[in-house]
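Examining the three-dimensional arrangement
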Amino acid sequence: MQAIRLAHQRVALRPLTTAAHASVSPTAAPSQSAIPLSNMEAQWERMSKSDQALVHRQLEELQRKDWKQLSIDEKKAAYYVAFGPHGPRAPVSPPGQGLKIVFATSGLIGVAAMIYFTIRSFAPPPPKTLNREWEEASNERAREAKLNPITGISSEGYSGKGFVTHK
């Protein structure tokens, strides 16, 4: 049973090894019908998936050669196919969309500010305990009650603000 498994694994590996040596295999024949590599940036989007794969294989074959022997068009095509703005690297938003996004964001922030100030105008006045006089009176009361005598407001040499939060 184990011999069958091993034979099965060898059969599965054979296509991978022949694909690695594509330059000597008969599957390299389609690369003979070469697609022109000049101006690949303009052609790439209009090509079918099979043509794109063919160009990709053609460029792999070319890149195995010495890079000094490649033409400028071949180098540009190889760079565009590898790193160009297509597929997952395609821009998410089209050009000119930034200004529309800025105006929409500003409008939404303006609407949120209007809602905030409208709700704020109907709110009751703040409680009487949220003013400076009340906070200073709370400091005096804490000193009289000897609140936190070791490090707090009623300790010797205390220089903090205590309960005062308003300027």
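For the structure itself, consult the block above.
Nothing here was measured: the structure is a model prediction, and the numbers come from that model.

1. Things to note about the packing of helix 3 (residues 49-63) against helix 4 (residues 72-83)
Where helix 3 meets helix 4, the axes come as close as 10 Å, and the angle between the chain directions of the two elements is 125°. Relative to helix 4, the element helix 3 is oriented oblique. As for how helix 3 packs across helix 4, the hand of that crossing is left-handed. Together, Val55, His56, Leu59, Leu62 and Gln63 of helix 3 and Glu74, Ala77, Ala78 and Val81 of helix 4 make up the contact between the two elements. Tallied by class, the residues present in the contact of helix 3 with helix 4 amount to six nonpolar, two polar and one charged.

2. Focus on the packing of aromatic side chains
By the definition in use, this model includes two aromatic pairs. With a centroid separation of 5.2 Å and an interplanar angle of 45°, the aromatic rings of Tyr79 and Phe83 are classed as tilted. Taken together, the positions of Tyr79 and Phe83, both in helix 4 and four residues apart, correspond to about one turn of that helix. Here Tyr116 and Phe117 contribute two aromatic rings whose centre-to-centre distance is 5.1 Å and whose plane-to-plane angle is 75°, an arrangement assigned as edge-to-face.

3. Some remarks on helix 6 (residues 132-144)
Relative to the 18 Å expected for 13 residues at 1.5 Å per residue, helix 6 spans 19 Å between its end C-alpha atoms, a close match to the ideal helical length. Looking at helix 6, one finds that the buried residues are Glu135, Asn139 and Ala142. Each buried residue of helix 6 sits inside an arc of 65° when the element is viewed along its axis, so together they form one side. Helix 6 presents Glu133, Arg141 and Glu144 as exposed residues on the side facing more than 90 degrees away from its buried surface. Among the residues trailing helix 6, Lys146 stands out with phi positive, at a value near 50°.

4. Structural notes on the pattern of salt bridges
One pass over the structure, following the stated rule, counts three salt bridges. Close ionic contact of Arg64 with Glu61 constitutes a salt bridge, the shortest N to O distance being 3.0 Å. Looking at Glu61, the relative accessible area reads 25%, which means it is partly exposed. For Arg143, the salt bridge goes to Glu140, with nearest N and O atoms at 2.9 Å. Taken together, the positions of Arg143 and Glu140, both in helix 6 and three residues apart, correspond to about one turn of that helix. With relative accessibility at 37%, the residue Arg143 sits in the partly exposed group. What makes Glu140 partly exposed here is its relative accessible area of 43%.

5. Some points on the nonpolar core
If you look at the biggest cluster of nonpolar residues, it comprises 14 residues, and the most contacted ones within it are Leu37, Met40, Trp44, Met47, Val55, Leu59 and Val81. At the level of elements, helix 3 and helix 4 are the ones that each hand at least two residues to this core. Not counting residues within four places of it along the chain, the set of residues in contact with Trp44 comprises Gln52, Val55, Tyr80, Val81 and His86.

What counts, and at which threshold
- Residues numbered from 1 in each chain as written.
- Predicted model: local features only at pLDDT ≥ 70, side-chain atom pairs only at ≥ 80, totals over all residues.
- Heavy atoms only, no water.
- Axes fitted to C-alpha atoms, helices over the stretch in contact; angles between N-to-C directions.
- Helix = DSSP H or I, 4+ residues; strand = E, 2+ residues; numbered from the N terminus.
- Parallel < 35°, antiparallel > 145°, perpendicular 65-115°, else oblique.
- Left-handed = near helix turned anticlockwise from the far one by under 90°.
- Contact = heavy atoms within 4.5 Å.
- Nonpolar A, V, L, I, M, F, W, Y, C, P; charged D, E, K, R; others polar.
- Phe/Tyr/Trp six-rings, centres within 6.5 Å; stacked < 30°, edge-to-face > 60°.
- Expected span 1.5 Å × (residues − 1).
- Buried < 20%, exposed > 50% of the residue type's maximum accessible area, 1.4 Å probe, protein only.
- Arc of directions from axis to C-beta.
- Salt bridge = Lys/Arg side-chain N within 4 Å of Asp/Glu carboxyl O.
- Core = buried A, V, L, I, M, F, W, Y, C linked by side-chain atoms within 4.5 Å.

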